[in-house]
Structures are given as C-alpha cells and as structure tokens.
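What follows is each chain in one-letter form.
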Amino acid sequence: MTADFMTPDTTPTYYAVVASDADLTKPVRVFTWLTTDWGDITRYVQAGQKMVKLNWTATEWENRPLTNATLGPDGKGYVGPTIIPPTPLNFQARQQLSRVMNLYAQMGWPLFADPPSDILPYGKALSAIATGADTTSTALPTPPADLAKLLG
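Residues numbered from 1 in each chain as written. Predicted model: local features only at pLDDT ≥ 70, side-chain atom pairs only at ≥ 80, totals over all residues. Heavy atoms only, no water.

Enquirer: Sorry if this is basic, but what is going on with the overall build of the chain here?
Expert: Broken down by element type, the chain carries five helices and six strands. Written out in order from the N terminus, the α and β elements of the chain read β-β-β-β-α-β-β-α-α-α-α. Taken across its 152 residues, the chain has 29% of its residues classed as buried. Intrachain contacts of the chain at a sequence separation of at least 6 include 57% that bridge at least 24 residues. Element-wise, carbon and sulfur atoms account for 56% of the exposed surface of the chain, whose accessible area totals about 10000 Å². (Helix = DSSP H or I, 4+ residues; strand = E, 2+ residues; numbered from the N terminus. Buried < 20%, exposed > 50% of the residue type's maximum accessible area, 1.4 Å probe, protein only. Contact = heavy atoms within 4.5 Å. Areas by Shrake-Rupley, 256 points an atom, 1.4 Å probe, with all protein chains shown as cover.)

Shown next as structure tokens:
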C-alpha cells in the first residue's frame, strides 16, 4: 500500500507544509507548497514540519500566494494574511538591554561617571528577563524617566 502522495493517479494532490506542532484549528504559517506533480515530495519536508493535504482545484493552486502565506482553519486550505508571531519577551529584553548599554556607552558613563542610580536596577531587571532568570514577568519593566526620554 502506498501513501496518498505517491499514488499513480495523474490528478495532482496539493499540500501545504507547516510546523509539525501546528494547531490546524487556527491559522498557521505555510513554509512551502508541494504537489504530487513533483514526484516523491516527502524529501522536501524537513524535521519539525508536516504536510497538510489541501482540497484545492488547479485554479486555487495556481492562485496561491508564493510567499508569506497562512493556512486558515476551515479545512479547505484557505489562505489568509501572514501570521507574524509575537516577539518573545526574553528577546525584547535583550534588544532593550542592548539599546540601554549603547546609550550608556554613548553618554560616556563608563569612563567619566557612574550611571544614574535608577538605571542599574532597570538593567538588572532586563538582564534577568533576557537570561531567563525572571520567568514571571509578562512585560518589560518601565524604564526610568530620564532613560525613557533617551530611548524615545
């Protein structure tokens, strides 16, 4: 017995490749599109991905978006707007910490003076989120007023 993607039928079958842990009841990002016209398409599926069979016509296939596609949850292969996942908090903290450190260096604090007293606790809070030591925060801490003006 062969899998449906290797059937000798000449009618092509269409697939979307999504993350293997994708919840298909919600819109999901499409990594690539595959069709049985291309032969053994399983070689195009990487670890951590899976193929989702689409009930599409040839016209729907031809009109699919080739980049930034999202597979909708209706089971018919609806393609909607691109899903941009939220930036993880630890990554946001690393970015903000980098900005603070750059400002710190630009202001000449390491060479000429100690930083304002409210910046050190703020930097430590960002660092804890960035490194994963703080696992309870759900948002970045509010920067001190003088620093907030510089960060914009």
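Enquirer: I tried to follow the sheet that holds strand S4 (residues 49-54) on my own but got confused; where do I start?
Expert: Hydrogen bonds between backbone groups are what pair the strands of a sheet, and the pairing can be parallel or antiparallel. With antiparallel pairing, three strands are arranged side by side in an open sheet as S3-S1-S4. Since the sheet does not close on itself, it has two edges, and those belong to strand S3 (32-35) and S4, each with one partner. Taking the axes of each pair of neighbouring strands and ignoring which way they run, one obtains an average angle of 35° across the sheet. Where strand S1 (residues 14-19) lies against S4, six bridges are found, and the strand directions are antiparallel. For Tyr14, the partnering residue across the bridge sits in S4 and is Leu54. (Pairing = 2+ DSSP bridges. Axes fitted to C-alpha atoms, helices over the stretch in contact; angles between N-to-C directions.)

Enquirer: Could you clarify how one ought to interpret the pattern of salt bridges in this entry?
Expert: In total, this model carries one salt bridge according to the counting rule given. Ionic pairing is found between Lys26 and Asp23, a salt bridge with its closest N-O pair at 3.9 Å. For Lys26, a relative accessible area of 51% gives the class exposed. (Salt bridge = Lys/Arg side-chain N within 4 Å of Asp/Glu carboxyl O.)

Enquirer: Sorry if this is basic, but what is going on with the pairing of S1 here?
Expert: Side-chain direction in a regular strand flips from residue to residue, so the side chains alternate between the two faces of the sheet. In terms of burial, S1 is largely enclosed, as five of its six residues are buried. Direction of pairing for S1 relative to S3: antiparallel, over a ladder of four bridges. Looking at S3, one finds that Tyr14 is bridged to Thr35.

Enquirer: Explanation requested: the packing of helix H2 (residues 89-106) against helix H4 (residues 119-131) in the structure shown.
Expert: A pair of packed helices is captured by two measures, namely the crossing angle of their axes and the spacing between those axes. Two elements in contact, H2 and H4, have axes whose closest approach is 7 Å; the angle formed by their N-to-C orientations is 145°. Taken as a pair, H2 and H4 cross one another with a handedness that is left-handed. Side by side, H2 and H4 meet where Leu89, Asn90, Ala93, Arg94, Gln96, Leu97 and Val100 of the first sit next to Ile119, Tyr122, Gly123, Leu126, Ser127, Ile129 and Ala130 of the second. Taken together, the residues of the contact of H2 with H4 break down into nine nonpolar, four polar and one charged. (Left-handed = near helix turned anticlockwise from the far one by under 90°. Nonpolar A, V, L, I, M, F, W, Y, C, P; charged D, E, K, R; others polar.)

Enquirer: When you look at the nonpolar core in this model, what are you seeing that I'm missing?
Expert: Nonpolar side chains in soluble globular proteins tend to end up buried together. The biggest cluster of nonpolar side chains holds 13 residues, and the ones touching the most others in it are Ala16, Val18, Val30, Trp33, Leu54, Trp56 and Leu71. Where this core is concerned, the elements lending two or more residues are S1 and S4. Element by element, the count of residues in this core is highest for S1, at three residues. Setting aside chain neighbours within four positions, we find Val30 in contact with Ala16, Val17, Val18, Ala69, Thr70 and Leu71. Judged by nonpolar contacts, the second largest core, of twelve residues, contains Leu89, Ala93, Leu147 and Leu151. (Core = buried A, V, L, I, M, F, W, Y, C linked by side-chain atoms within 4.5 Å.)

Enquirer: Explain H4 here, please?
Expert: Every α-helical turn comprises 3.6 residues, leaving residues that sit three or four positions apart pointing alike. Taking 1.5 Å per residue as the helical rise, H4 with its 13 residues ought to reach 18 Å, and the 18 Å between its terminal C-alpha atoms agrees with that figure. Within H4 the residues assigned to the buried category are Ile119, Tyr122, Gly123, Leu126, Ile129 and Ala130. Seen from one end, H4 has its buried residues packed into an arc of 125°, which puts them on one side. Turned more than 90 degrees from where H4 packs its buried face, Leu120, Lys124 and Thr131 sit exposed. (Expected span 1.5 Å × (residues − 1). Arc of directions from axis to C-beta.)

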